[in-house]
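This is what each chain is made of:
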Amino acid sequence: MADRANFVVVRESGEYELYLSRWGAVGLDLDLLAGPVEALSMVQRLGVDDWWLDDAYCQGAALIDLGRKTLLLFVWEGPSTVMRYRAATLELLREAWPGWDVRWAYDGPAELRTYLGLDPEHVRDVHGTSRGPLLEPEDEELADPEPMAAVVTVGSDHCYVVANVADHPIREGAALLDRLSGGPEHGMCRVPADAGIHIDPLQRRVGWWVLGASAEAYEMPERWPGWTVEFWQDSWQEHVRLAPGQFQPPPVDRERALAEVLCRSTLAVTIGGQ
């Protein structure tokens, strides 16, 4: 199975070059910790390619704008998508790219095209919404230190967990409530999830977050007509604040996280250089 990624280099003139890596998505965030000079060299070794990957196949991407000094990135898999490493990885990226505006592309490849003034619909997956299964409290996936899980809290006393192996549950709209009804409840969820959503049925308000990317991330209000929808980007802390009795993931140790991400980065460079 390939780990496909797109790279875009925007020259000072405003012209851009598109590159494709069939094996570069996993660990892309670690590769970028080498800084702009090494990253640009790495991308240019791929060779120019005109294939824009769509939402279903683009597992990571980075746009390097040399004129505006902007780095736009996302990955499906890597330390930046893990709760305990997320903030540390972005902090290290900003240190490695001094003077650059480092941003996360929550809308995946479409966000890169939007940045370039291109039609984002060109990379939309047209197969509709895919739903991850509801997980039981004893599911073995939840014992993993980096589980693929989306925490869903409803009101002040309901908590569910959806396997984060398909589309984000936010894409289901209010029909999600029907799917959750009668599903396995988790009481207090302490899972270090990589996505989440809090639903307040009385106020008809929804807030959601993600550490990866979700197609049409900025268009979710259209899927919840009559509801107020807030996109918290990667702020899982907001979810904890609104659902303190339902979602309490493990605390994040900043210093340890920084050290471990740096260690993973060094290991990645060592292996890649062999």
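Residues numbered from 1 in each chain as written. Predicted model: local features only at pLDDT ≥ 70, side-chain atom pairs only at ≥ 80, totals over all residues. Heavy atoms only, no water.

> Tell me about the overall build of the protein, and please be specific about residues and values.
Broken down by element type, the protein carries seven helices and ten strands. For the protein, the C-alpha radius of gyration of 19 Å lies close to 19 Å, the compact-globule estimate for 274 residues. Once the C-alpha set of the protein is aligned to its principal axes, its extents read approximately 55 × 40 × 35 Å. Within the protein, the fraction of its 274 residues that count as buried is 49%. Within the protein, contacts between residues separated by at least 24 positions form 68% of all contacts whose residues are at least 6 apart in sequence. Entry remark: accessible area of the protein is about 13100 Å², with carbon and sulfur atoms responsible for 51%. Between the mean site of the 23 positive side-chain charges and the mean site of the 44 negative ones, the protein shows a separation of 3 Å. (Helix = DSSP H or I, 4+ residues; strand = E, 2+ residues; numbered from the N terminus. Rg over C-alpha atoms; globule rule 2.2 N^0.38 Å. Buried < 20%, exposed > 50% of the residue type's maximum accessible area, 1.4 Å probe, protein only. Contact = heavy atoms within 4.5 Å. Areas by Shrake-Rupley, 256 points an atom, 1.4 Å probe, with all protein chains shown as cover. Lys, Arg positive; Asp, Glu negative; His and termini not counted. Charge placed at Lys NZ, Arg CZ, Asp CG, Glu CD.)

> Provide a residue-level description of the environment of Pro 79, including the pertinent values.
Residue placement: Pro 79 occurs in the loop between β4 (70–75) and α3 (83–96). Residue contacts for Pro 79: discarding those within four places in its chain leaves Asp 29, Leu 30, Tyr 85, Arg 86, Thr 89, Val 261 and Arg 264.

> Can you break down the layout of surface pockets residue by residue, with the values?
Estimates place the volume of the largest pocket at around 1100 Å³. Trp 76, Met 148, Asn 164, Ala 166 and Ala 213 are the residues nearest the centre of the largest pocket, which is lined by 46 residues in total. Among the residues forming the lining of the largest pocket, the class breakdown is 21 nonpolar, twelve polar and 13 charged. (1 Å grid on protein atoms, 1.4 Å probe; cavity = no way out; pocket = protein on both sides within 12 Å on 5 of 7 lines; lining within 4 Å. Points joined across faces, edges and corners; volume = space filled by probe spheres on them. Nonpolar A, V, L, I, M, F, W, Y, C, P; charged D, E, K, R; others polar.)

> Give a description of the pattern of salt bridges that names residues and reports values.
Evaluation of the coordinates by the stated rule reveals 18 salt bridges. For Arg 179, the salt bridge goes to Glu 172, with nearest N and O atoms at 2.6 Å. The same class applies to Arg 179 and to Glu 172, which are both buried. Because the salt bridges share partners, they merge into one network encompassing Asp 55, Asp 107, Glu 121, Arg 124 and Glu 219. (Salt bridge = Lys/Arg side-chain N within 4 Å of Asp/Glu carboxyl O.)

> Now, about unusual backbone geometry: what can you tell me, with residues and values included?
Across residues other than glycine, the phi torsion is negative in most instances, and most of the peptide bonds are trans. Here Arg 204, not a glycine, exhibits a phi torsion of approximately 55 degrees, which is positive. With respect to the helices and strands, Arg 204 occurs in the loop between β8 (195–200) and β9 (205–210). Taking relative accessible area as the criterion, Arg 204 reaches 38% and is therefore assigned partly exposed. Positive phi, normally seen in glycine, also occurs at Gln 233, with a value near 55 degrees. Following the sequence through the fold, Gln 233 ends up in the loop between β10 (228–231) and α6 (236–242). Looking at Gln 233, the relative accessible area reads 35%, which means it is partly exposed.

> Mind laying out the sheet that holds strand β7 (residues 158–163), listing which residues take part and the relevant values?
Taken together, five strands build an open sheet; the order of strands is β7-β6-β8-β9-β10 and the sheet is mixed. With partners counted over all chains shown, the strands left at the sheet margins are β7 and β10, one partner each. Put simply, the sheet's adjacent strands are angled 15 degrees from each other on average, direction ignored. (Pairing = 2+ DSSP bridges. Axes fitted to C-alpha atoms, helices over the stretch in contact; angles between N-to-C directions.)

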